[in-house]
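Geometric and topological summary
So you can see what is in the structure, the chains are spelled out below.
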Amino acid sequence: MKLQRKNGLRATALGALAVSGALVLTACGSDNNSDTSGGSATKATAGSSAVCEGAKGQLLASGSSAQKNAMDLWVKNYMATCSGVEVNYKSSSSGEGIVAFNQGTVGFAGSDSALKPEEVADSKKICTGGGQGINLPMVGGPIAIGYHLEGVDSLVLDAPTLAKIFNNEIKNWNDAAIKKLNPDAKLPNKPIQAFHRSEDSGTTQNLGKYLSATAPSVWKYEPEKKWPAPGGQAASGSAGVATQVKQVDGAIGYFELSYAVSQKISTVKIDTGAGTPVEATSENASTAIAAAKIKGTGKDLALGLDYTTKAAGAYPIVLVTYEIACDKGNKPDTLATVKSFLAYTSSADGQKVLADAGYAPIPAEINAKVRETVASLS
């Protein structure tokens, strides 16, 4: 818990900086690529890894709310370095981001899950010259299971119990299954208030992948972006779910760790069978993500994650957020800015800020391929 509090303090400080440089988010109905500086941006901050040459005007992007806190930091740092460039990232959902990308209204999209075959097919209408949308892993991190239960400061759950809670089969906090995992906790006779995302969400899909892989006898749903289970209460975005968990005694929900540390929400430790329950931390998520394999082909860098890991210190409920761009056939008026911005986010400096904000940097071997691919975008 000391590590979580330390990360929380650092994340709060960084979050304050991000808020101080808050963006005016614009609608994604059309691109406005006017060059507000009258020319290409120039490198403004010595020592920054952002490469600003050719970047200009306004770049619109949208999608995953899971990476919002990371994106706020990236945009703030990048715009401080590359004068004359405005990056507007609309935090909505992975589904909305992919739709916007395939409608050609944004330069890139953020998604917590890789493009489906039909979404790749749709992208070929936007990515000209035989190009298509590809997945660039940029942000990793744990999906924290946050809870609010007065008098309970530490809580352990395993996959079957968690699946039964979200499947509306376990309805009270003093259920025998929860007691067995927490023999020393004073669990109240109180109804469980389970919250889930109301809109299509890659975070929902990644949680579903974990539950279906580790508790298939309980969680019999296909991992999709739309919440599949009965019961529970819906809230909009990771921020909405976190807010409800923060406010409601007896609540439980799922969201990225950055929301838990910034709002000081207690998180569940997961009993994976490793011997010691694993806490949701950036370090523990990195341990799990490091075992990921690239399953995409060509320039596509979609990853395969092992949700059933029992490795010591590996937090299993993880996600990787991708930036979606065309491998070739990007719009000429935003190509240079897309490459410049994604070159920064995948740089050593860009990845370094992630851990302090409750995220996990992409493993070095995979990130090297991301940088190479970003440089080749055309």
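Preceding this section is the structure that the text describes.
Scope of this entry: the structure provided in the associated data block. (Residues numbered from 1 in each chain as written. Predicted model: local features only at pLDDT ≥ 70, side-chain atom pairs only at ≥ 80, totals over all residues. Heavy atoms only, no water.)

Quick word on the environment of Phe341
In plain terms, the rule: By definition, any uninterrupted DSSP run of H or I lasting at least four residues is a helix, any uninterrupted run of E lasting at least two residues is a strand, and each is numbered from the N terminus. In what follows, residue pairs with any heavy atoms lying within 4.5 Å of each other are defined as contacts.
As for its position among the elements, Phe341 is in helix α11 (residues 332–345). Sequence spacing of Phe341 and Tyr78 is 263 residues, and the spatial spacing of their C-alpha atoms is 7.1 Å. Aside from chain neighbours lying at most four places away, what touches Phe341 is Leu59, Met71, Trp74, Val75, Tyr78, Val87 and Phe108.

Some points on the state of the cysteines
Inclusion rule: When the sulfur atoms of two cysteines come within 2.5 Å, that pair is taken as a disulfide. Relative accessible area decides the class of each residue, using a 1.4 Å probe on protein chains only: under 20% of the type maximum gives buried, over 50% gives exposed, and in between gives partly exposed.
Scanning the model with the defined rule gives 2 disulfides in all. Across a sulfur-sulfur distance of 1.9 Å, Cys52 and Cys82 are joined as a disulfide pair. Linking Cys52 and Cys82, the disulfide has an S-S dihedral of approximately -75° and is accordingly described as left-handed. Here Cys52 is found in the loop between α1 (2–20) and β1 (57–63), whereas its partner Cys82 is found in the loop between α2 (68–81) and β2 (85–91), with 30 residues between them in sequence. Classification of Cys52 by relative accessible area gives buried; the value is 2%. When its relative accessible area of 0% is taken as the criterion, Cys82 is described as buried. In the chain, the bonded cysteines, taken in the order they occur along the sequence, pair up as 1-2, 3-4.

Some words on the nonpolar core
Stated precisely, the cut-off is as follows: Definition of nonpolar core: a set of buried residues of the types Ala, Val, Leu, Ile, Met, Phe, Trp, Tyr and Cys, connected through side-chain atoms within 4.5 Å.
One finds Ile145, Leu155, Leu162, Ile178, Ile252 and Ile317 to be the most contacted residues of the largest nonpolar core, which totals 75 residues. The element best represented in this core is strand β13 (residues 318–326), accounting for 6 residues. The contact partners of Ile178, leaving out residues within four places of it in the chain, are Leu155, Leu157, Thr161, Ile165, Ile170, Asn172, Trp173, Leu187 and Ile192. The next biggest cluster of nonpolar side chains, apart from the first, holds 33 residues, and it includes Trp74, Val85, Leu136 and Val338.

Topic: the side chain of Ser258
Put simply, the rule is: Identification of polar contacts relies on pairs of N or O atoms within 3.5 Å, with a donor-acceptor requirement for protein atoms, meaning one able to donate a hydrogen and the other able to accept it, and with residues adjacent in sequence counted only if both atoms are side-chain atoms.
In this fold, Ser258 is placed in helix α9 (residues 257–263). Residue classification places Ser258 among the buried residues on the basis of a relative accessible area of 1%. Polar side-chain contacts of Ser258 include one of 3.0 Å to the side chain of Asn69. When residues no more than four places from it in sequence are discounted, the contact partners of Ser258 are Asn69, Ala357, Gly358 and Tyr359.

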